[in-house]
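So the chains spell out like this:
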Amino acid sequence: MADSAVSIVLVRPALLGTYGDGGNALVLAVRLGRRGIQADVVLLDGNQPLPRASDLIVLGGGEDGAQEAVADDDVLRHSLTLAVAAGAAVLAICGGFQLLGDRFQVGAGRSIAGFGLLDCTTDRLSERAVGEVVADSALPGLEVPLTGFENHAGRTLLGAEATPLGLVSHGVGNGDGGGEGAVQGRVIGSYLHGPVLARNPALADSLLAHVVGPLPPLAEGPVTRLRSERLAAARGRRVRRH
Ligand code: GLN
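Structural notes, computed from the coordinates. (Residues numbered from 1 in each chain as written. Predicted model: local features only at pLDDT ≥ 70, side-chain atom pairs only at ≥ 80, totals over all residues. Heavy atoms only, no water.)

1. Notes on the sheet that holds strand β4 (residues 89-93)
At step 1: Spatially, β2-β1-β3-β4-β12-β11 is the arrangement adopted by the six strands of the open sheet, whose pairing is mixed. In this open sheet, the two strands that pair with only one neighbour each are β2 (39-44) and β11 (182-184). Direction aside, neighbouring strands of the sheet carry axes that sit 15° apart on average.
At step 2: Relative to β4, strand β3 (residues 56-59) is paired through four bridges, and the arrangement is parallel. Residue V58 lies in a different strand from β4, and its bridge partner there is L91.
At step 3: Against the sheet, helix α1 (residues 23-33) engages β1 (6-11), β2, β3 and β4, with an angle of about 170° to β1.
At step 4: Most of the contacts of helix α3 (residues 74-85) go to β3, to which it runs at about 140°, and overall it touches β1, β2, β3, β4 and β12 (187-190). (Pairing = 2+ DSSP bridges. Helix = DSSP H or I, 4+ residues; strand = E, 2+ residues; numbered from the N terminus. Axes fitted to C-alpha atoms, helices over the stretch in contact; angles between N-to-C directions. Contact = heavy atoms within 4.5 Å.)

Okay, structure coming up:
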């Protein structure tokens, strides 16, 4: 950390923010605040570069057109690459996840260069994936199932440098035969909306641990109820491998 407050940056929220994904930044800040740790949330819109001292960087999902506009944003591409090299942790959801890969496809087959921060490429599913997802976490130390909501047309194939964030038990996820999301160093991509960190506080704390170290547990009353309800809802959805 460059100063005492943890810096959380929400990237291009006017373009990338489907399904309230911006809430992930708030969850990170609130979970720090409840432990007495100060956090600043920066909304990075317009053409602003990421501050070099960013600790946690959050990208949401977006429509194909919005993703394409962000993929053209060289100020963001350059500053994000520098921030990751300097050790920032990143969480990117759905369209944001696709954008951090090497390439992603929009519309009827056009392939766009991504930011190359995750070793993966995205083409198209045969059928749009919409609905509740459950995935068993593959993140070391995170043993609870991941719950979220997906709505995407992308099929994401991981290369050798990335590993899945989880293994799908209900829903589609990456559509690559069972994986959900990708992890490469401190960069995490996921198809899970929710916002995912509101539904999966353990994932929020594992991101925060990169910056502030292991954290004491919090009372999760309403979140525990939300998780049970959503996990039960997902069990009505069959597993689809594509
Ligand atoms: N536009 C992308 C797709 O449809 C991402 C959608 C999203 O972020 N929800 O695959």
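2. Digging into the site of the ligand
At step 1: Around the ligand, the surrounding shell holds 15 residues, and the nearest of these are G62, D64, Q67, C94 and A153.
At step 2: The separation between a nitrogen atom of the ligand and a polar side-chain atom of Q67 is 2.7 Å.
At step 3: N151 places a main-chain nitrogen or oxygen 3.0 Å from a nitrogen atom of the ligand.
At step 4: Starting from 300 Å² of accessible surface for the ligand in isolation, the protein chains cover 96%.
At step 5: Those elements that provide at least two residues to the shell around the ligand are α2 (64-71), α4 (95-100) and β8 (145-158).
At step 6: Counting residues per element, the shell around the ligand draws most heavily on β8, at four residues.
At step 7: Broken down by class, the residue content of the shell around the ligand amounts to two nonpolar, 10 polar and three charged. (Near = heavy atom within 4 Å. Polar contact = N/O pair within 3.5 Å; in protein donor to acceptor, adjacent residues only side chain to side chain. Areas by Shrake-Rupley, 256 points an atom, 1.4 Å probe, with all protein chains shown as cover. Nonpolar A, V, L, I, M, F, W, Y, C, P; charged D, E, K, R; others polar.)

3. With respect to a nonpolar patch on the surface
At step 1: A cluster of nonpolar residues, L26, V41 and L43, forms a patch on the protein surface that exposes about 270 Å² of accessible area.
At step 2: Here V41 lies in strand β2.
At step 3: Since its relative accessible area comes to 33%, V41 is described here as partly exposed. (Patch = residues over 30% accessible without salt bridge, like charges linked within 9 Å, V, L, I, M, F, W, Y side chains within 5 Å. Salt bridge = Lys/Arg side-chain N within 4 Å of Asp/Glu carboxyl O. Buried < 20%, exposed > 50% of the residue type's maximum accessible area, 1.4 Å probe, protein only.)

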